[in-house]
Amino acid sequence: MTPASAARTATRGGQTAHADWEATRRIPRAAREANAVLAVAARDITSMLKSPSGVITALLMPLLMMGMIGGTLMQNMAGGLGFDFGEFMLVGMLVNMLFMMTTMRMTSLVDDADEAYSAELLVAPVSRYAIVVGKILGSSFMALISCLGVLAVGAVMGITLAPWQLLVFLALAPLLCLSGGALAMIVLGTIKNNTTANAAVMLISMPQMFLAGVIIPISQSSGLLGVLSRAMPMTYCVDLGRAVVYAGRSDYDAVVMFNPAVNLAAIAGITVICLVMGTWLYARSEKNR
Amino acid sequence: MSVIEVEDLVKQYKRAKKPAVRSVSFEVQEGEFFAFLGPNGAGKTTTISILTTTLSKTSGRVQIAGYDVETQHRDVRDHIGIIFQRPTLDRTLTAEENIRIHACLYGMYTYRPTYRMMPASYRERVERLAGVVGVEDSLFTRVSKLSGGMQRKFEVIRSLTHTPHVLFLDEPTQGLDAVARHDLWDYLDQVRREWGTTVFLTTHYIDEAEGADTVCLIDRGEIALCCPPQEMKRRLGASTLEDAYVGYLRHTADDAVPALGGLVASGVGHEGERGRGA
């Protein structure tokens, strides 16, 4: 043992500890987990802000989905629905952007592994849940940027929401993002290759856009399509989003399919199951080879 | 006092016919410079991955700083710093941003979005670590714009930010030019002298292990030799560690099991002892 080492080494309960080691751990464990979530999210957000192409794509995505697909549907097929299709589509697209963009951005977890950064995360003394939830929060930042794009495209198309509706929607946003991110973890938990990860995430995202009632009403869906639409996690997110926006209005029953409590229970259940299973698969696939 | 204790470590990968690591045992003392050498596929990376909690073991006992790697992995992670074979800095961030996120992940400071908003103690710590190698000017440079050598130095700085007991260096100079290698080792020597940090090194550049307190040679998943470098050179009749290492590997290339006893008549018993109490 060197003199320098001896000077700063102390014995603590039979274990060796650096004299200044404890002093560097000022944050209690629970707060450390929250801090780690924040740090992981902040790293993703900082990276995203330094890549303008990603931000531009997030802003342009609504132009394609809502402006072109939604706009065409609104002009040609929205008559006789019994409700304002524009507003229906706007809420659906907001939920879709939060859910789908978070899901898609979660592939950065695989990108990290590809660029070896995940090694830095995996040896950090924090739980895997902190890493995954941090990743979901970071991913949801781009989803929020996409929502700004949706609102901008909506404004151009003459579709707007009242400030209180936006506030209520904003309050729901973390749950919706968490739900999308957790779903992504189920498929990303074991994937090591980013090409496969992108394909897998597209495979779980795209069908939801059409089957979850984002821009096409699904209340009359029956048979296999009816079953599939109810099996889509985003269906409950979209329906909950509409339930809060349409609350107390005469067209509520024409637009909202389920009781909000059912939606909430379905979202919470799916999110918890996907988050726990996905994180377990992620931690296990890294360590148990 | 032992800071690393490995006893009968075995790792059998799924679908592999033979174990990658077989009944490996050694100890590393506090403040020691321990070099873990071996050819490709010998079991170095497998062993270091288990020691750093990123890979589960099949059997055996591994303790770091008194904590079990399997059941107390978070405590182990708290006490170790790692430089991986591949650079693990986020290339889109600045060097300082990488260090800041690391410090927050290790629970040292609450995250703040800018360097200036971080506590003075953090800024002093980072500037002091960067100052040792004179890289303060590059702290706020995007990692993608730094040379490979500079990136490695910042990885060392980052791994030392949380004052680890043990610094694991998994082929830290891979891909660096001679000058960058030299500079990095100057820095690591300075860190060892100043802080007395225990260093666990794996490398293919055998000359880097000349200054080690103990050299441990692993071959085909088993410890073949564990002793000071001078001892290894003497027993193998070589003037440099590299000659001793190459000589050993050439002599045992076709043997089923590393057999230093056949190569050097008097060595085996003593090597066993060094393996236990290096």
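Rules used in this analysis
Every residue gets a number counted from 1 within its own chain, in the order that chain's sequence is written. Each chain gets a letter, beginning with A, and each ligand a number, beginning with 1, in the order they are written. In keeping with the model being predicted, local features are shown solely for residues with a pLDDT of at least 70 and side-chain atom pairs are shown and tallied solely at 80 or more, while totals for entire chains, interfaces and linings include all residues. Secondary structure elements follow DSSP: runs of H or I no shorter than four residues count as helices, runs of E no shorter than two count as strands, and numbering proceeds from the N terminus. Put simply, the radius of gyration uses C-alpha atoms, and a globule should come to 2.2 Å times the residue count raised to 0.38. With C-beta atoms placed from the backbone, a residue counts as buried when 20 or more other C-beta atoms lie within 10 Å of its own, as exposed when 12 or fewer do, and as partly exposed for counts between those limits. Here contacts are defined at the residue level, using C-beta atoms placed from the backbone and a cut-off of 7 Å between them. One fewer than the residue count of a helix, multiplied by 1.5 Å, yields its expected span. An automatic or database domain assignment provides the domain bounds reported here. Lys, Arg, Asp and Glu make up the charged group, whereas Ala, Val, Leu, Ile, Met, Phe, Trp, Tyr, Cys and Pro make up the nonpolar group; the residues left over, Gly among them, are polar. Following DSSP output, two strands are said to pair if at least two bridges run between them. Orientation is described by lines fitted to C-alpha atoms, with helices fitted over the stretch in contact, and by angles between N-to-C directions that extend from 0 to 180 degrees. Any angle that is under 35 degrees is reported as roughly parallel, and any over 145 degrees as roughly antiparallel; angles of 65 to 115 degrees are reported as roughly perpendicular and all others as oblique. Here a crossing is taken to be left-handed if its near helix is turned anticlockwise relative to the far helix by less than a right angle, and right-handed if that turn runs clockwise. pLDDT expresses how confident the predictor is about each individual residue, on a scale running from 0 to 100.

Draft legend 1. Quick look at the overall build of chain B. Assigned secondary structure in chain B consists of 10 helices and 10 strands. For chain B, the C-alpha radius of gyration of 19 Å lies close to 19 Å, the compact-globule estimate for 278 residues. In terms of principal-axis extent, the alpha carbons of chain B reach across some 65 × 40 × 35 Å. Counting across all 278 residues of chain B, residues that qualify as buried make up 54%. Taking contacts inside chain B between residues at least 6 apart in sequence as the whole, the part at least 24 apart equals 68%.

Draft legend 2. Molecular detail of helix α10 (residues 194-211) of chain A. Residues and elements named next belong to chain A. An ideal rise of 1.5 Å per residue puts 26 Å on 18 residues; α10 measures up with 26 Å between its terminal C-alpha atoms. The complete set of buried residues in α10 reads Ala 197, Val 201, Ile 204, Ser 205, Gln 208, Met 209 and Leu 211. On its buried face, α10 sits against α5 (85-105), α6 (108-114), α9 (163-188), α11 (223-231) and α12 (233-245). The positive-phi residue at the C-terminal boundary of α10 is Gly 213, with phi of around 80 degrees.

Draft legend 3. Summary view of the domain arrangement of chain B. Residues and elements named next belong to chain B. Assigned domains of chain B: these are domain 1 (2-86 + 165-227 + 258-277) and domain 2 (95-160). On the side of domain 2, 10 residues touch domain 1, which itself brings 14 residues to the contact. Within the residue set of the side of domain 1 that touches domain 2, elements represented by two or more residues are β6 (80-83) and α6 (178-195). Considering each element in turn, the side of domain 1 that touches domain 2 owes the most residues, 7 residues, to α6. Residue composition of the side of domain 1 that touches domain 2, grouped by class: 10 nonpolar, 3 polar and 1 charged.

Draft legend 4. Representation of the interface of chain B and chain A. Chain B puts 42 residues into the contact, and the matching count from chain A is 39 residues. Secondary structure elements with two or more residues in the side of chain B that touches chain A: α2 (73-79), α3 (95-105) and α6 of chain B. Residue contributions to the side of chain B that touches chain A peak at 4 residues, all from α3 of chain B. A breakdown of the residues in the side of chain B that touches chain A according to their chemical character gives 17 nonpolar, 15 polar and 10 charged.

Draft legend 5. Local environment of the sheet that holds strand β10 (residues 222-227) of chain B. Residue and element names in this part refer to chain B. Strand order across the open sheet formed by 6 strands is β6-β7-β8-β3-β9-β10, with mixed pairing between neighbours. Of all strands in the sheet, those bounded by a partner on one side alone are β6 and β10. This sheet shows a mean twist of 15 degrees between the axes of neighbouring strands, independent of strand direction. Direction of pairing for strand β3 (residues 33-37) relative to strand β8 (residues 198-202): parallel, over a ladder of 4 bridges. Considered in β8, the bridge of Phe 34 is made with Phe 200. Against the sheet, helix α1 (residues 44-51) makes contact with β3, β7 (166-170), β8 and β9 (214-219), and its axis sits at roughly 150 degrees relative to β7, the strand it touches most.

Draft legend 6. Structural context of the packing of α9 of chain A against α12 of chain A. Residues and elements named next belong to chain A. Packing of α9 against α12 brings their axes to within 10 Å, and their N-to-C directions diverge by 175 degrees. By the angle between their axes, α9 is roughly antiparallel relative to α12. Contacts from Gln 165, Val 168, Phe 169, Leu 172, Leu 176, Ser 179 and Leu 183 of α9 reach α12 at Pro 233, Cys 237, Leu 240, Gly 241, Val 244 and Val 245. Of the residues that constitute the contact of α9 with α12, the class distribution is 10 nonpolar, 3 polar and no charged.

Draft legend 7. Quick look at the environment of Ala 30 of chain A. All names here are of chain A. Note that Ala 30 resides in helix α3 (residues 29-49). For Ala 30, a count of 8 C-beta atoms within 10 Å corresponds to the exposed category. In this structure the C-alpha to C-alpha distance between Ala 30 and Val 126, which are 96 residues apart in sequence, comes to 9.9 Å.

Draft legend 8. Inspection of the pairing of β8 of chain B at higher detail. Residues and elements named next belong to chain B. Most of β8 is tucked away, with 5 of its 5 residues classed as buried. Burial along β8 is two-sided: the residues Thr 198, Phe 200 and Thr 202 and Val 199 and Leu 201 are all buried. Sheet topology places β7 next to β8; 5 bridges connect them, and they run parallel. Residue pairing for β8: Val 166 is matched across the bridge by Thr 198.

Draft legend 9. Structural view of the packing of α3 of chain A against helix α8 (residues 128-156) of chain A. All names here are of chain A. Contact geometry for α3 and α8: axes closest at 7 Å, N-to-C directions at 35 degrees. Regarding α3 and α8, the two cross each other, and that crossing is right-handed. Residue-level contacts link Glu 33, Ala 36, Val 37, Ala 39, Val 40, Ala 41, Arg 43, Asp 44, Ile 45 and Met 48 of α3 to Ala 130, Ile 131, Val 133, Gly 134, Lys 135, Leu 137, Gly 138, Ser 139, Phe 141 and Met 142 of α8. The residue makeup of the contact of α3 with α8, split by class, is 13 nonpolar, 3 polar and 4 charged.

Draft legend 10. Local environment of the sheet that holds strand β4 (residues 59-64) of chain B. Residue and element names in this part refer to chain B. Sheet architecture is open: 4 strands sit in the order β2-β1-β4-β5, paired in antiparallel fashion. Of all the strands in the sheet, just β2 (21-29) and β5 (67-68) have a single pairing partner and so form its edges. Note: strand β1 (residues 2-11) against β2, 6 bridges, orientation antiparallel. By the bridge assignment for β2, Lys 11 is matched with Val 21. Sheet strands touched by α1: β1, β2 and β4. Its angle to β1, the strand with the most contacts, is close to 120 degrees.

Draft legend 11. Looking closely at the confidence of the model for chain B. Averaged over every residue, the pLDDT of chain B is 86; the share at 70 or more is 91%. Note that residues 261-278 of chain B has pLDDT below 50 and, in this model, 29 contacts with residues that lie over four places away or in other chains.

Draft legend 12. The arrangement of unusual backbone geometry in detail. Residues and elements named next belong to chain B. Of note, Ser 23 is a non-glycine position whose phi angle comes to about 50 degrees, a positive value. The topology assignment puts Ser 23 in strand β2. Taking the number of C-beta atoms within 10 Å as the measure of exposure, Ser 23 has 14 and is therefore partly exposed. Even without being glycine, Glu 171 reaches a positive phi, approximately 50 degrees. Relative to the elements of secondary structure, Glu 171 occurs in the loop between β7 and α6. You can call Glu 171 partly exposed: it has 19 C-beta atoms within 10 Å.

Draft legend 13. Spotlight on helix α14 (residues 260-287) of chain A. Residue and element names in this part refer to chain A. In this model, α14 (28 residues) spans 40 Å end to end at C-alpha, consistent with the 40 Å of a helix rising 1.5 Å per residue. Of all the positions in α14, only Asn 263, Ile 267, Thr 271, Cys 274, Leu 275, Gly 278, Thr 279, Tyr 282 and Glu 286 are classed as buried. Lining the buried residues of α14 we find α7 (117-122), α8, α9 and α12.

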